[in-house]
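# Structure at a glance
Here's the letter readout for the chains.
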Amino acid sequence: MFDALNVSATGLTAERLRMDVTAENLANAQTTRGADGQPYRRKEVVLREISQGGGFGAQLANALGTGAKSRPGGVEVAEIASDQTAGKMVYDPSHPDANAQGYVQMPNVDTVTEMVDLIDAQRAYEANVTAMSASKQMFAKTLEILR
Amino acid sequence: MLFDTTQNALEAAISGAATRQQALAANLANANTPGYQRVDVDFHSSLAAALGSEDSKDALHSVKFAAQVDSSGATRADGSSVDVDSESAKLAANALEHQAAVQVAHARIGILKSAMGVGG
């Protein structure tokens, strides 16, 4: 019965992670020395659909053979991929990481793209919150039959 | 029997709306999943078929609601067929439909309670 809440919760988790990763990209927009000593590479969250509900109720229903065949299960993060496109070369001879020609290899982070991703994740998060509160109200209404 | 076909139909409608809510929530959760095909539960048709059958009371007891992939809508550039606005609208409509069924079911139980002298 509470599967709709779990489904919305998977959406909240995924969108929050997207927001975290976007924030990390923005924070590292000028980082010329990443973990491997190379300029930071922007990260991107890859989302994937959960085809079967993973919760206890869904597992039990499957074991008993009473579960609907195509039970919507929500969303999960498949991987956090790093973007392999090349970053900009900026002319700054005084920079410690400048090459012999005076150019610095910058991270491939575009702040405009990241801001758009941030707003996108925020709106998607809000949509899931709305769905969750609608489901919650529905369950509360169902319980009112008992009164 | 205490409960008639209408009451059974209302219960089935409540259960159908709850199943549909899950499908619509899954669509919103996958709003940013590339290639995702939206799912929906057509519980109205299942209910209408059950009500139209010979032994509608038994049919209502055994009616099952399952989510089906809906490929009728437009597909976005990333292969997903989810439109957040239309999903939100469907979600709100479904919640109202569910509430309507619950209120009618509640009122009918109230009538039975009055008849039994326990008050509604």
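Everything numeric in this text was worked out from a predicted model, so none of it was measured.

## Thoughts on the overall build of chain A
- Along the backbone of chain A there are 3 helices and 4 strands.
- Taken across its 147 residues, chain A has 36% of its residues classed as buried.

## As for the overall build of chain B
- What chain B contains, in helices and strands, is 4 helices and 2 strands.
- In sequence order, the secondary structure elements of chain B are arranged as α-β-α-α-β-α.
- The C-alpha atoms of chain B give 18 Å as radius of gyration, which overshoots the globular expectation for 120 residues (14 Å, by more than 25%).
- Taking all 120 residues of chain B together, the buried fraction comes to 42%.

## Here we look at a nonpolar patch on the surface
- Where nonpolar side chains cluster on the molecular surface, the patch consists of A:Met89, A:Tyr91 and A:Tyr103 and spans about 330 Å² of accessible area.
- Inspection of the secondary structure assignment puts A:Tyr103 in strand β4 (residues 103-105).

## Considerations on the pattern of salt bridges
- Summed over all chains, the structure comprises 17 salt bridges over all chains.
- Here A:Glu44 makes a salt bridge to A:Arg42, at a shortest N to O gap of 3.7 Å.
- The salt bridge partner of B:Glu87 is B:Arg38, with a shortest N-O separation of 2.5 Å. Here B:Glu87 is found in helix α4 (residues 84-116), whereas its partner B:Arg38 is found in the loop between α1 (5-29) and β1 (39-40), with 49 residues between them in sequence.
- Relative accessible area serves as the criterion here: at 0%, B:Glu87 is assigned to the buried category.

## Quick word on the interface of chain B and chain A
- Between chain B and chain A, the residue contacts involve 29 residues of the former and 31 residues of the latter.
- In this assembly, chain B and chain A are joined by 0 salt bridges.
- A class-by-class count of the residues in the side of chain B that touches chain A yields 19 nonpolar, 9 polar and 1 charged.

## As for the packing of aromatic side chains
Residue and element names in this part refer to chain B.
- Evaluated as defined, the whole model comprises 2 aromatic pairs over all chains.
- With 6.3 Å between their ring centres and 85° between their planes, Phe-43 and Phe-65 make a pair best called edge-to-face. Here Phe-43 is found in helix α2 (residues 43-52), whereas its partner Phe-65 is found in the loop between α3 (56-62) and β2 (68-69), with 22 residues between them in sequence.
- Judged by its relative accessible area of 10%, Phe-65 falls in the buried class.

## Some details on the packing of helix α1 (residues 3-27) of chain A against helix α3 (residues 111-144) of chain A
Residues and elements named next belong to chain A.
- Remark: α1 packs on α3, axes separated minimally by 9 Å, with the N-to-C direction vectors making an angle of 160°. Between α1 and α3, the crossing angle belongs to the class labelled roughly antiparallel. In terms of crossing hand, the pair formed by α1 and α3 is left-handed.

The rules we used
Residues numbered from 1 in each chain as written. Chains lettered and ligands numbered in written order. Predicted model: local features only at pLDDT ≥ 70, side-chain atom pairs only at ≥ 80, totals over all residues. Heavy atoms only, no water. Helix = DSSP H or I, 4+ residues; strand = E, 2+ residues; numbered from the N terminus. Buried < 20%, exposed > 50% of the residue type's maximum accessible area, 1.4 Å probe, protein only. Rg over C-alpha atoms; globule rule 2.2 N^0.38 Å. Patch = residues over 30% accessible without salt bridge, like charges linked within 9 Å, V, L, I, M, F, W, Y side chains within 5 Å. Areas by Shrake-Rupley, 256 points an atom, 1.4 Å probe, with all protein chains shown as cover. Salt bridge = Lys/Arg side-chain N within 4 Å of Asp/Glu carboxyl O. Contact = heavy atoms within 4.5 Å. Nonpolar A, V, L, I, M, F, W, Y, C, P; charged D, E, K, R; others polar. Phe/Tyr/Trp six-rings, centres within 6.5 Å; stacked < 30°, edge-to-face > 60°. Axes fitted to C-alpha atoms, helices over the stretch in contact; angles between N-to-C directions. Parallel < 35°, antiparallel > 145°, perpendicular 65-115°, else oblique. Left-handed = near helix turned anticlockwise from the far one by under 90°.

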